[in-house]
Amino acid sequence: MISRRKRLCIALILMTVLITACSRIKDKTKYEETQIKMGTAMTIKAYGENGEQAVSDAFKRIDEIERLTSLNISTSEVTSINNAAGKRYVKVSPEVFELIKESMELSKMSQGAFDITIGPLVKLWNFGTKDARVPSSEEIKEKLSLVGYEKIKINEKESSVMLEKPGMMIDLGGIAKGHAADQVVDILVNYGIKSSIINLGGSNVFVLGEKNKQELWTIGIQHPRKVQGDGFLALVKESDKAVATSGDYERYFMVDGKRYHHIIDPKTGYPADNGIMSDSLVLDSTLVKNSSMIGDALSTAVLILGPDKGLRLIESLDGVEGLIATSDYKLLISSGMDEKIESISEDFEYDAQRR
Ligand code: ADP
Ligand code: MG
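This text gives an overview of the structure that appears in the document. (Residues numbered from 1 in each chain as written. Chains lettered and ligands numbered in written order. Predicted model: local features only at pLDDT ≥ 70, side-chain atom pairs only at ≥ 80, totals over all residues. Heavy atoms only, no water.)

Looking only at helices and strands, one finds nine helices and 18 strands in the protein chain. The dimensions of the protein chain, computed from C-alpha atoms along their principal axes, are 60 × 60 × 45 Å. The proportion of buried residues among the 355 residues of the protein chain is 52%. If you take every contact in the protein chain between residues at least 6 apart in sequence, the share linking residues at least 24 apart comes to 59%. For the protein chain, the exposed area adds up to about 17,600 Å²; of that, 51% sits on carbon and sulfur atoms. Across the protein chain, the centroid of the 46 positively charged side chains sits 7 Å from that of the 51 negatively charged ones. (Helix = DSSP H or I, 4+ residues; strand = E, 2+ residues; numbered from the N terminus. Buried < 20%, exposed > 50% of the residue type's maximum accessible area, 1.4 Å probe, protein only. Contact = heavy atoms within 4.5 Å. Areas by Shrake-Rupley, 256 points an atom, 1.4 Å probe, with all protein chains shown as cover. Lys, Arg positive; Asp, Glu negative; His and termini not counted. Charge placed at Lys NZ, Arg CZ, Asp CG, Glu CD.)

Below is the structure:
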């Protein structure tokens, strides 16, 4: 039993968290709300009528997605699949089934760089927790044998999924927020919202329509070595685009001057170290279906592939543009992106040679 005092304490802590976690701004033409979801601060700003209802429904939908996909929720479908690894198929919702299938396609597209079976390695490194540490090479080798999207078995008819080996783990952390952003956009559009900016933790932004008749949305791409919100790598002007960013600065720790961050190269088991600090992909939602989800996964993949292969992947895809901040402070920009860029940080040198 929890004592009354303890209960009161817990209630007070929860209240403080809720008060700081949620904020609402309402006026006749604009509704804006921020909530902590999927471990990050998410803000949705919608212009026009029905904004409040649309945003409220959008947050409910994000909750649903989190309940299905989170590794921290013992009843999530992803947790069930992981618990049954090496033992049995688990029947899942059409939504999770599709997400897993799409993830496998994105693995193929990215030469295995994006791989949702990275779970055992993410857990081993423990980024973002107090237990984060550099594992031994033996530990890494052992976990690497549990990674590989080709070891995911799926049964279309039964809508069920099984991981081939015990100890395997699916981690949708590199794609779930993008999927959530696509779902939010659908909800807002169904409510008739024509102008909105959706920011799911900075790494997944979607700009719907234009800010107003005279103006496109301006998106500030985070500078990979400046405090969040305090310095931009570039400002881009866009409408109807998904902008997905992956960086080595999101969750990381330093040991002996070396940075260890949360995006793991499935080939080595170590954080990607191929010359990119961050990359942002800009996807045209009128050309690419599920643009935020695809962008989320591919931005993670580009960070692993490195500048040259990454840029080649971006250039090979219709409706996908991007910019890459390399470790030697060069900024690579894909061919369709130049005219969209307002300004770039003076810390970076624009490098047109590489593409
Ligand atoms: P963020 O979560 O900061 O938006 P990303 O979209 O780049 O950043 O996703 C990083 C997350 O993806 C990690 O925290 C981890 O859960 C997962 N992940 C790490 N490495 C890979 C990988 N190679 N393939 C797929 N997912 C990965
Ligand atoms: Mg991602």
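For the magnesium ion (ligand 2), the full set of protein donor atoms is Gly174 (O), Asp296 (O), Asp296 (OD) and Thr300 (OG1), and the range of their distances to it is 2.1 to 2.8 Å. Counting the intervening residues between successive donors of the magnesium ion (ligand 2) yields the motif G-x121-D-x3-T. In this pair, Gly174 sits in the loop between strand S6 (160-163) and helix H7 (176-190) while Thr300 sits in helix H8 (residues 291-305), placing the two residues 126 residues apart along the sequence. Judged by relative accessible area, which is 13%, Thr300 ranks as buried. (Donors = N, O, S within 2.8 Å, 3.2 Å for Na, K, Ca; no water.)

This paragraph deals with the sheet that holds strand S9 (residues 217-222). Pairing within the open sheet is antiparallel, and its three strands lie in the order S9-S10-S17. Unpaired on one side and paired on the other, S9 and strand S17 (341-344) mark the two borders of the sheet. When strand polarity is set aside, the average angle formed by the axes of neighbouring strands in this sheet is 15°. Note: S9 against strand S10 (residues 232-238), six bridges, orientation antiparallel. Bridge pairing links Trp217 to Glu238 in S10. (Pairing = 2+ DSSP bridges. Axes fitted to C-alpha atoms, helices over the stretch in contact; angles between N-to-C directions.)

Let us look at H7. For H7, which comprises 15 residues, the first-to-last C-alpha distance of 21 Å matches the rise-based estimate of 21 Å (1.5 Å per residue) to within 8%. With twelve of its 15 residues buried, H7 lies for the most part within the structure. One or two steps after H7, the chain reaches Gly192, where phi turns positive at roughly 85°. (Expected span 1.5 Å × (residues − 1).)

With that settled, the discussion passes to the packing of aromatic side chains. Scanning all chains against the criterion turns up eight aromatic pairs. Members of the aromatic cluster, joined through ring pairs, are Trp125, Phe127, Phe253, Tyr260 and Tyr270. One cation-aromatic arrangement involves Lys258 over Tyr260; the distance from NZ or CZ to the ring centre is 5.7 Å. Here Arg259 stacks its cationic end above the ring of Tyr252, 4.2 Å away from the centre of that ring. (Phe/Tyr/Trp six-rings, centres within 6.5 Å; stacked < 30°, edge-to-face > 60°. Lys NZ or Arg CZ within 6 Å of the ring centre and 35° of its normal.)

Taken together, 20 residues sit near ligand 1, with Asp171, Ser203, Ser246, Ile264 and Asp296 positioned nearest. Here Ser246 contributes a side-chain N or O atom positioned 2.7 Å from an oxygen atom of ligand 1. Protein coverage of the free-state accessible area of ligand 1, which is 560 Å², stands at 97%. Of the residues forming the shell around ligand 1, the biggest block, three residues, is contributed by H8. Looking at side-chain class alone, the shell around ligand 1 contains eight nonpolar, six polar and six charged residues. (Near = heavy atom within 4 Å. Polar contact = N/O pair within 3.5 Å; in protein donor to acceptor, adjacent residues only side chain to side chain. Nonpolar A, V, L, I, M, F, W, Y, C, P; charged D, E, K, R; others polar.)

Moving on: the environment of Ile314. Looking at the secondary structure, you find Ile314 in helix H9 (residues 307-316). Put simply, Ile314 and Ser335 are 21 residues apart on the chain and 9.5 Å apart in space, counted from C-alpha to C-alpha.

Let us now look at the nonpolar core. Among the nonpolar cores identified, the biggest contains 69 residues, and Ile44, Ile62 and Ile100 are the most heavily contacted of them. If you tally residues by element for this core, the top one is H8, at nine residues. Apart from residues lying up to four places away in sequence, Ile44 is in contact with Tyr31, Glu32, Glu33, Val55, Ala58, Phe59, Ile62, Val184, Leu188, Ser196, Ile197 and Ile198. Formed by 18 residues, the second largest nonpolar core is a distinct cluster that contains Val207, Ile219, Val243 and Phe348. (Core = buried A, V, L, I, M, F, W, Y, C linked by side-chain atoms within 4.5 Å.)

Attention shifts here to the environment of Ser203. If you trace the backbone, Ser203 turns up in the loop between strand S7 (195-200) and strand S8 (204-208). When the C-alpha positions of Ser203 and Ala46 are compared, they lie 19 Å apart, and in sequence the two are 157 residues distant. Setting aside its immediate chain neighbours within four residues, Ser203 contacts Lys177, Val243, Ala244, Thr245 and Glu250. Among the polar contacts made by the side chain of Ser203, one reaches the side chain of Lys177 at a distance of 3.5 Å.

It is possible for side chains bearing opposite charge to pair when their charged atoms get close. One pass over the structure, following the stated rule, counts 19 salt bridges. Among the salt bridges present, the one from Asp57 reaches Lys60, with a minimum N-O distance of 3.9 Å. Of this pair, Asp57 and Lys60 are both found in helix H2 (residues 51-69), three residues apart, which corresponds to roughly one turn of the helix. A salt bridge links Asp273 to Lys258; the shortest N-O distance between them is 3.3 Å. Note that Asp273 is positioned in the loop between strand S13 (258-261) and strand S14 (276-284) and Lys258 in strand S13, a separation of 15 residues in sequence. (Salt bridge = Lys/Arg side-chain N within 4 Å of Asp/Glu carboxyl O.)

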